[in-house]
Amino acid sequence: MQPPASSLLRRPNGRPQACEPCRKRKVACDHSQPVCNRCRKRSQGNDCVYLVSGNSRTSSAPRRPPPSPTGSTPSVIYLPSTTNVSETTEIRSPEGLSARQMASGYLGFTSFSAVFEETQNSLSRLKGSHATPPESEDLNPETSVPDGFTLSTRAREACLYVLRQVPEPSRGKFYLRGSPCEAWYYYFLDRVLTDFYETFGEYFGPNRNDKSLEELAIILCRNTALPFSDDEDISPSQWIAQFSGSKTRWEALGLIFGFWDFSVNSITIVKNPNHDEYGRPSQITKQCVDFCLELCNEFSPANSMLLFLTHKRLVMETVLNGDMSRRSWLFLGEVITLLTFLGYHVLPDTPDYQPNFMTEIKRRIYYSIYNVHMTMVSLTGRPLLMTQNYNTTPLPLDIGNSTLYGVKGISLDEAKADINNLGWNKRESRFSVSFLRARAKLSMLREELMHFALHTKQQVTVDELLDVKARELRTIEDFPPFMEYRDSDLDDQKHDVNILYWKLLMRLEHLLNMFFIERLLLKHGHSQSDILSISFDMITYTLPFWTHQDTLLPLRNDCEWLVIAFGVPAGGILCQELLKPTLHNDSRITRSSLIQKLSLLVGFLDWVKPTAPNGDQCSKCKTIIKHVLDQALNASPPGYESAPGAVYDLGFTTQVDFDFDLLNTFDWARSEPSWSQQTNA
């Protein structure tokens, strides 16, 4: 029986409190008392209690109330003095705001509060379901935070710096660009941007002035201080309404900046001097995202939008300054720290899961971050910062964006019923989340390989590697047919460029896993290897991003990391084969084909400017591969046979030393015996 509204226990944000079993399982509760209907059906009546805890696990924890622009006791944001506002600076917390007012985030089994929660549950059973909420100052933040605030001079400069970069409404809508990897972000940001201009467009005309922009800055700061709900019972429209239109927050504006493309490759023909010629965001745009993030950290505790923005900043950093830079690795750590603080790594995995919008959003952001993390780990050879050993979060359901956001009129339960036992859509519909799921499956296998490769205390066995190899091949076989890349796809003018990107990326991610498996097998004495064929294919499917720029131009920003992640390691193996030929059964691989592939790879690396992200690494690799080609072409002995399977000896006593840190992860770039010598060691 549904209790009257007056008898409902309510959380600090005013929403009805779910019973403990429903809250912990992250499912919707109907709030019936004394036992909710869900617990009654599951025969959990004895466990069905309603608590309002002073310790919040979700973003519904108390936040500062929306301040007013004026007040007798202003709270001030302090921005350290700097002579150049474009440099990243830290915005410090105002006086009067204690860390106690911030959400405590996810607390696990070993946390100080776990035992007390169990005790509280037991006490509630003894006293009845209407347990008295514990007294806590956190439940009444209004008494400890001033109603008004003003911006310090430096904070004002930071806000104005961002707002001055906002383009006019007529152009801003055309500048918004999404990448294939972030299609579900773009889906709601398009609406948010439209609402933003409809509400605040008058501030961004050609005659904008600082006084009006400062008024808008205060509005955005107040909005960012409002409570923000990521609860599982929230609808898509309710969630979006929290950061759009008149409630636009710094999180949303920061994300919009992250997706704005002001370059010459944009649909507009006017070149903005703040952005470079290649279509990647400039340092100025990145600075706007940095400032938005700092303002969010100042006003709002952690929430899903803040995690989105932190993740987007990481992506922008890798695009601007490369994947191996110190800042990229630090930003990755910050993203993972925030993710685990929010508890997105331990979302429940239950057989009777009833899909809801917010849980699916959390699953998507978790695996988006997980995929980027595994790419950066394998690219750098650095230790893992997160692992599936501490994760319960299932893969997101294979449901389209329009269904997830409630546009199609199909319920999530109906969409779930349309999923087969392997987790894929029965109709083989092509959704962006389908490729996210596929890449996550490959990333999970990649994690196992990274443990084997980077573990310093435990040795992997050949049987373990062969088991991973078998599971890798089964995983690929289970993918929907539309994910399979065909060579004819490049010449198909009707082929969607985003789908083409995903197909190529899935093929390359699979080949890279196989590359690592074969390298580790060889290292541990396994005599049969397909490393040469795999490397040949890796280069073959990396080169189109350079040779077919007309088709793949929108993906220009991905070229530097693609050639480093896939082309360069494979190029190292082909160089070794060219200098020290081995027995193999691949008829495609001849001396001529090796030289052709390596020559094209040199062209790709040469196309990447030294000033571009990963430009230094590309330049080093190009120089070494050119040296190998010179040696092979200039020192080719008489009678060199080109028939497949022949054993060649060019007279080199050692392999060429690549002297490239990324390739040294598994020692493939250092002097080592030939494969036949290795297997006999």
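Rules used throughout
- Residues numbered from 1 in each chain as written.
- Predicted model: local features only at pLDDT ≥ 70, side-chain atom pairs only at ≥ 80, totals over all residues.
- Heavy atoms only, no water.
- Helix = DSSP H or I, 4+ residues; strand = E, 2+ residues; numbered from the N terminus.
- Contact = heavy atoms within 4.5 Å.
- Salt bridge = Lys/Arg side-chain N within 4 Å of Asp/Glu carboxyl O.
- Buried < 20%, exposed > 50% of the residue type's maximum accessible area, 1.4 Å probe, protein only.
- Expected span 1.5 Å × (residues − 1).
- Polar contact = N/O pair within 3.5 Å; in protein donor to acceptor, adjacent residues only side chain to side chain.
- Phe/Tyr/Trp six-rings, centres within 6.5 Å; stacked < 30°, edge-to-face > 60°.
- Lys NZ or Arg CZ within 6 Å of the ring centre and 35° of its normal.

Novice: Would you mind going over the side chain of Ser-535 in detail, with residue names and values included?
Specialist: Here Ser-535 lies in helix H19 (residues 531-542). Once residues within four sequence positions are removed from consideration, Ser-535 is found in contact with Phe-515, Ala-570, Ile-573 and Leu-574.

Novice: Account for the pattern of salt bridges, with residues named and values stated.
Specialist: Tallied over the entire structure, the rule returns 21 salt bridges. Between Glu-251 and Arg-249 there is a salt bridge, with its nearest N and O atoms 3.0 Å apart. Across this residue pair, the class does not change: Glu-251 and Arg-249 are buried. Residues Arg-486 and Glu-484 are paired through a salt bridge, measuring 3.9 Å at the closest nitrogen-oxygen approach. The exposure class assigned to Arg-486 is partly exposed, which follows from its relative accessible area of 44%. The network of salt bridges with common partners includes Lys-286, Asp-290, Arg-313, Glu-317, Arg-327 and Glu-334.

Novice: Quick rundown of helix H18 (residues 497-523)? Include the residues and the values.
Specialist: Counted at 1.5 Å a residue, the expected span for H18 with its 27 residues is 39 Å, and the 39 Å between its end C-alpha atoms agrees. Across the 27 residues of H18, 23 count as buried, placing the element largely inside the fold. Measuring from the side-chain oxygen of the N-cap residue of H18 to the backbone nitrogen of Asn-498 gives 2.8 Å; that N-cap residue is Asp-496. In the segment just after H18, Gly-525 is the residue with positive phi, at about 85 degrees.

Novice: Residues and numbers for the packing of aromatic side chains, please.
Specialist: Evaluation of the coordinates by the stated rule reveals 34 aromatic pairs. Measuring from ring centre to ring centre gives 6.1 Å for Trp-239 and Phe-308, while their planes differ by 80 degrees; the resulting arrangement is edge-to-face. Linking Trp-239 in helix H8 (residues 236-241) with Phe-308 in helix H11 (residues 304-321), this pair joins segments that are 69 residues apart in sequence. Neither Trp-239 nor Phe-308 differs from the other in exposure class; each is buried. Three or more aromatic residues joined by ring pairs make a cluster, and in this case those are Trp-184, Tyr-185, Tyr-187, Phe-188, Phe-228, Trp-239, Phe-243, Phe-259, Phe-308, Phe-357 and Tyr-405. It is Lys-312 that lies over the ring of Phe-259; its NZ or CZ is 4.1 Å from the centre. Lying over the aromatic face of Trp-329, Arg-382 brings its terminal NZ or CZ to 5.0 Å of the ring centre.

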